[in-house]
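# Coordinates in review
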Amino acid sequence: MQDTAAPFHPATRISSIGVSTILQITGMANALKRQGRDVIVLGAGEPDFDTPDHIKEAAIAAIRAGETKYTALDGTPQLKQAIRDKFRTDNGLDFALDEITVSTGAKQVLYNAMMATLNPGDEVIIPTPYWVSYSDIVEIAGGTPVLIPCAEADGFRLTAAALEAAITPKTRWVMLNSPSNPSGAAYSAADYRPLLDVLLRHRHVWLMVDDMYEKIVYGDFAFVTPAALEPTLRDRVLTVNGVSKAYAMTGWRIGYAGGPRALIQAMAVVQSQSTSCPSSVSQAAALAALTGTQGIVAERCADFQTRRDYVVGALNAIPGLSCRMPEGAFYTFASCAGVIGKTAPDGSVIATDADFARYLLTARDVAVVPGSAFGLAPYFRISYATSMAELQRACTRIAEACAALR
Ligand SMILES: Cc1ncc(COP(=O)(O)O)c(C=O)c1O
């Protein structure tokens, strides 16, 4: 008898989760590159800088010292202490060591939190445009993402009225991200206040804040985090952060959070049966990042600011496009409403922002990500975590591509 394997069936929990548009665009860009085309990719979600040397050296020293074994489940005591100090100094937040968790990237922090708290039918409010992993993680964990569009006129920020209207008895979490991937928009203390007042009235709703881009804010924008603004919410706020973006450490995979002890313990249960602990060597590197000299963080932020100013200026000079000035992160989120409905030289019509992104890539070899991939159209995201020379070439090409539309 012939042994024929049954066809593969993915689990229901991942069946609604497709390959992200970002990966599709990257795949197309790479295919064009393989054909020898000079493609400029403006899609990277990571700094183009290298991890600072003192951090690398700390990791090498840790390897030599034999720090190569399992560590404590959710972070070494030394790293937790450094995170505790960071929260206190930077954010005015005081966590005990057992109110802090360390994971394999902030992504795992979020995953642990959702897996540890969501039951089928639980709703999670996610303002859009948003980092798409939020809704995918919520769905994998069995929850229901509730996407709330945030208008450019409101600075891509959630309004108190929209939050109030979205809350139901089933709401478990609200997820806020400031500065935001993809919009670069950030919430000031005054922006947060009305949202926190709504949450004070709805005691069953928890708040997950993703402060991943805290260190990349520009000008006189003052970064704040909700748990510090409203201490009475502290028993239902998870404050998430990490070293990936601030210290150019995306590959080291260390993220962390501070929150209520019971939640942190439940998250540790998830982590114990997935990754056991974050990498010992990466934890040593993260310790050096948090306790070492911070000067380089500000220097790099100044570089990002120069690039932001250039890209926003260049995009706003292109008829058909308009770009809000972002307060932080390393992304612009420009409107392409003015080119929708136009016709490309090959006769195809630009009906959506995805069409526009495809047109920029195929006609002018520039890869950007359409806003629809982040839940808000018609926009496109540029990551300016690349050299000024590349940005200048890219913006020139985008201008030429737009000028060729009829
Ligand atoms: C808003 C936001 N949060 C979290 C992360 C995940 O960071 P990590 O590398 O720590 O998993 C990213 C990465 O792109 C992000 O953009």
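Read on for an overview of the structure. Just so you know, the residues in each chain are numbered from 1, in the order the chain's sequence is written. Local features in this predicted model are restricted to residues of pLDDT 70 or higher, and side-chain atom pairs are both shown and tallied only at a pLDDT of 80 or more, whereas totals for entire chains, interfaces and linings draw on every residue. The basis for every side-chain value is the complete set of non-hydrogen atoms in the structure, without hydrogens or water.

## Here's the deal with the overall build of the protein
- Helix and strand assignments follow DSSP, with helices taken as H or I runs no shorter than four residues and strands as E runs no shorter than two, numbered in order from the N terminus. A tally of regular secondary structure across the protein gives 14 helices and 13 strands.
- The C-alpha atoms of the protein give 22 Å as radius of gyration, which agrees with the globular expectation for 406 residues (22 Å, within 12%).
- For the C-alpha atoms alone, the extent of the protein along its principal axes is close to 75 × 60 × 50 Å.
- Only protein chains enter the accessibility calculation, which uses a 1.4 Å probe; a residue whose area is less than 20% of its type maximum is buried, one above 50% is exposed, and one in between is partly exposed. Looking at the protein as a whole, 52% of its 406 residues qualify as buried.
- In what follows, residue pairs with any heavy atoms lying within 4.5 Å of each other are defined as contacts. Put simply, 74% of the contacts in the protein that link residues at least 6 apart link residues at least 24 apart. Atoms counted for the radius of gyration: C-alpha only. Globule rule: 2.2 Å times residue count to the power 0.38.

## Observations concerning the site of the ligand
- Taken together, 13 residues are adjacent to the ligand, and Ala 106, Asp 210, Ser 244, Lys 245 and Arg 253 come closest.
- Here a polar contact is recorded for every N or O atom pair within 3.5 Å, except that within protein the pair must consist of a potential hydrogen donor and a potential acceptor, and residues adjacent in sequence are included only if both atoms are side-chain atoms. In the model, an oxygen atom of the ligand is placed 2.7 Å from a nitrogen or oxygen of the Arg 253 side chain.
- Computed on the free molecule, the ligand has an accessible area of 400 Å², of which 93% lies beneath the protein chains in the complex.
- By the convention adopted, Pro, Cys, Tyr, Trp, Phe, Met, Ile, Leu, Val and Ala count as nonpolar, Lys, Arg, Asp and Glu as charged, and the other residues, Gly among them, as polar. For the shell around the ligand, the class distribution of residues is five nonpolar, four polar and four charged. We define proximity as follows: a residue is near a molecule or strand when any one of its heavy atoms falls within 4 Å of that partner. All accessible-area figures derive from a Shrake-Rupley calculation using a 1.4 Å probe, and residue coverage is judged against the displayed protein chains alone.

## A word on the sheet that holds strand E13 (residues 379-383)
- Strands pair, by our definition, only if DSSP identifies at least two bridges between them. Across the sheet, four strands lie side by side as E9-E10-E13-E12; this open sheet has antiparallel pairing. Unpaired on one side and paired on the other, strand E9 (322-323) and strand E12 (369-370) mark the two borders of the sheet.

## Examining the pairing of strand E5 (residues 171-177)
- In terms of burial, E5 is largely enclosed, as six of its seven residues are buried.
- Bridging between strand E3 (residues 123-128) and E5 involves three bridges; their strand directions are parallel. Directly across from Ile 125, in E5, lies its bridge partner Val 174.
- Note that the unit made of E5, helix H8 (residues 189-201) and strand E6 (residues 206-210) has a crossover that is right-handed. Place the viewer so that the strands point away; then a crossover is right-handed whenever the path from the first strand over the helix to the second strand goes clockwise.

## Describing the nonpolar core
- As used here, the term nonpolar core means buried Ala, Val, Leu, Ile, Met, Phe, Trp, Tyr and Cys residues forming a set that is joined through side-chain atoms within 4.5 Å. Counting residues in hydrophobic clusters, the biggest one holds 77 residues, and the most contacted among them are Met 114, Leu 238, Leu 315, Leu 321, Phe 356 and Phe 380.
- Beyond its immediate sequence surroundings of up to four residues, Leu 315 is in contact with Leu 321, Cys 323, Thr 332, Ala 334, Phe 380 and Ile 382.

## A word on the packing of helix H13 (residues 353-364) against helix H14 (residues 388-403)
- Interaxial angles span 0 to 180 degrees and are taken between N-to-C directions of axes, which are lines fitted to C-alpha atoms, for helices over the stretch in contact. Direction vectors running N to C along H13 and H14 enclose 105°, while the axes themselves pass 10 Å from each other. One element, H13, and the other, H14, form an angle in the roughly perpendicular class. Along its contact with H13, which presents Phe 356, Tyr 359, Leu 360 and Arg 364, the element H14 presents Arg 397, Ile 398, Glu 400, Ala 401 and Cys 402.
- Looking at the contact of H13 with H14 residue by residue, the classes come out as six nonpolar, no polar and three charged. Any angle that is under 35 degrees is reported as roughly parallel, and any over 145 degrees as roughly antiparallel; angles of 65 to 115 degrees are reported as roughly perpendicular and all others as oblique.

## Thoughts on the side chain of Arg 307
- Checked against the element boundaries, Arg 307 lands in helix H12 (residues 295-316).
- A distance of 3.1 Å separates polar atoms of two side chains, one belonging to Arg 307 and the other to Asp 48.
- Discounting chain neighbours no more than four positions away, the residues touching Arg 307 are Asp 48, Phe 49, Tyr 384, Ala 385, Thr 386, Met 388 and Leu 391.

## Side note on the side chain of Thr 101
- Note on placement: Thr 101 falls in strand E2 (residues 100-103).
- Look past the residues within four positions of Thr 101 in its chain and what remains in contact with it is Asp 74, Gly 255, Tyr 256, Ala 257, Ile 264 and Met 267.

## With respect to the packing of aromatic side chains
- Two rings from Phe, Tyr or Trp (for Trp, the six-membered ring) form a pair when their centres sit within 6.5 Å of each other. Planes less than 30 degrees apart are called stacked, planes more than 60 degrees apart edge-to-face, and all others tilted. With the rule as written, the count across this model stands at 16 aromatic pairs.
- Ring-pair connections join several aromatic residues into one group, and the members of that group are Phe 49, Tyr 213, Phe 304, Phe 330, Tyr 331 and Tyr 384.

## Thoughts on H8
- Expected helix span is taken as 1.5 Å per residue step, with the number of steps being one fewer than the number of residues. Taking 1.5 Å per residue as the helical rise, H8 with its 13 residues ought to reach 18 Å, and the 19 Å between its terminal C-alpha atoms agrees with that figure.
- What H8 keeps buried is the set Tyr 192, Leu 195, Leu 196, Val 198 and Leu 199.

## Notes on the packing of helix H5 (residues 106-117) against helix H10 (residues 261-272)
- Relative to each other, H5 and H10 sit at 105°, their axes nearing to 8 Å. Classed by the angle they form, the pair H5 and H10 counts as roughly perpendicular. On H10, the residues touching Gln 108, Val 109, Asn 112, Ala 113, Met 115, Ala 116 and Thr 117 of H5 are Leu 263, Ala 266, Met 267, Val 270 and Gln 271.
- Residue composition of the contact of H5 with H10, grouped by class: eight nonpolar, four polar and no charged.

## Things to note about the sheet that holds E6
- Overall, mixed pairing links the seven strands, which are arranged E2-E8-E7-E6-E5-E3-E4 in an open sheet. Whereas interior strands pair on both sides, the edge strands pair on one side only; in this sheet they are E2 and strand E4 (144-149). On average, each strand axis in the sheet is inclined to that of its neighbour by 20°, with strand direction left out of account.
- Where H5 meets the sheet, it contacts E2, E3, E5, E6, strand E7 (237-242) and strand E8 (255-258), and its direction lies at approximately 155° from that of E7.

## Some details on the pairing of E4
- Where E3 lies against E4, six bridges are found, and the strand directions are parallel. In the sheet register, Ile 126 faces E4, and the bridge partner there is Leu 147.
- In terms of handedness, the path from E3 via helix H6 (residues 133-140) over to E4 forms a crossover that is right-handed.

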